[in-house]
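Structure assessment
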Amino acid sequence: PLRVRDVLEDDGGLESVLQRRYMIVNVWRNISEAPIVADPFAVCDGRSVPDEDYIAHDLVYRDRRGQTYSVVHNEAHEWMYFSGMRMDEAMLLKCFDSRPPPGGVRWTAHSGFVDPRAPLESPVRQSIDARCLAFFEDSDDVRTMLTAAALRRLLRDAYKGNSDNAALGDSETASSADT
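Okay, so let's go over this structure. On a predicted model such as this, the values are computed, not experimentally measured, just so you know.

**Quick word on the sheet that holds strand β5 (residues 79-81)**
- The antiparallel open sheet is built from three strands, whose spatial order is β5-β2-β7. The open sheet terminates on both sides in strands that have one partner only, identified here as β5 and β7 (110-112). Between one strand axis and the next, the sheet turns through 30° on average, direction left out of account.
- Looking at chain direction, strand β2 (residues 41-44) and β7 are connected through three bridges and run antiparallel. Its bridge partner being in β7, Val43 is matched across the sheet by His110.

**Details of the nonpolar core**
- Counting 19 residues, the largest nonpolar core has Trp28, Phe41, Met91 and Leu93 as the members making the most contacts within it.
- At four residues, strand β6 (residues 90-97) tops the list of elements feeding residues into this core.
- The residues contacting Trp28, other than those within four sequence positions of it, are Ile36, Phe41, Met85, Ala90, Met91, Arg125, Ser127, Ile128 and Asp129.

**Thoughts on the pairing of strand β1 (residues 22-30)**
- Most of β1 sits inside the fold, with seven of its nine residues counted as buried.
- Pairing of β1 with strand β8 (residues 127-135), which is carried by nine bridges, proceeds in the antiparallel orientation. If you follow Asn30 over to β8, its bridge partner there is Ser127.
- Strand direction decides the pairing type here: β1 and β6, joined by seven bridges, are antiparallel. Its bridge partner being in β6, Met23 is matched across the sheet by Asp97.

**Structural notes on the environment of Arg5**
- By the secondary structure assignment, Arg5 is in helix α1 (residues 2-7).
- Along the backbone, Arg5 and Glu15 are ten residues apart, and their C-alpha atoms lie at a distance of 9.4 Å.
- In contact with Arg5, not counting residues within four places along its chain, are Leu14, Glu15 and Leu18.
- Within polar-contact distance, the side chain of Arg5 engages the side chain of Glu15 at 2.6 Å.

**Section: the pattern of salt bridges**
- Counted by the stated rule, this structure contains eleven salt bridges.
- Linking Asp157 and Arg156 is a salt bridge whose minimum nitrogen-to-oxygen distance equals 3.9 Å.
- With a relative accessible area of 14%, Asp157 lands in the buried category.
- With relative accessibility at 41%, the residue Arg156 sits in the partly exposed group.
- One connected set of salt bridges, linked through shared partners, spans Arg21, Lys94 and Asp97.

Conventions and cut-offs
Residues numbered from 1 in each chain as written. Predicted model: local features only at pLDDT ≥ 70, side-chain atom pairs only at ≥ 80, totals over all residues. Heavy atoms only, no water. Pairing = 2+ DSSP bridges. Helix = DSSP H or I, 4+ residues; strand = E, 2+ residues; numbered from the N terminus. Axes fitted to C-alpha atoms, helices over the stretch in contact; angles between N-to-C directions. Core = buried A, V, L, I, M, F, W, Y, C linked by side-chain atoms within 4.5 Å. Buried < 20%, exposed > 50% of the residue type's maximum accessible area, 1.4 Å probe, protein only. Contact = heavy atoms within 4.5 Å. Polar contact = N/O pair within 3.5 Å; in protein donor to acceptor, adjacent residues only side chain to side chain. Salt bridge = Lys/Arg side-chain N within 4 Å of Asp/Glu carboxyl O.

In structure tokens:
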């Protein structure tokens, strides 16, 4: 809630906003004409990171304080990266979820890393990210608690022009698989 309090002015309704679900989402992308080869961006499947593996760190600025988390090494973590990301591709990261879905995750560990297979002459990674705050009404849970698999089907159907999403039954929204 600290970051939300830093960004939003309290006109008397801030506490009611903080009672509802909200997320901090980063949009990350390559800004170079060349695909990323050196120092690619990796994310960890949050279902493989127990809460005790997150270590809080204070961020001290001239005009405010904040907090972020690091992750301790654990062989059980399932890291993945996207090789050769192009300028027209972007990554969305859930950095914080005030009310994660059952079986879902509160945040996503992520990092750039040195890929030892990258040629020495590879261009340095050039990327940019933007942090977004998303606020939801309680009635939004039907859409925002979907698993990744259910969301892919919903988007695929919408892309095909099929607005009948009856296939997304309660079992899809309650599943923890592929969250």
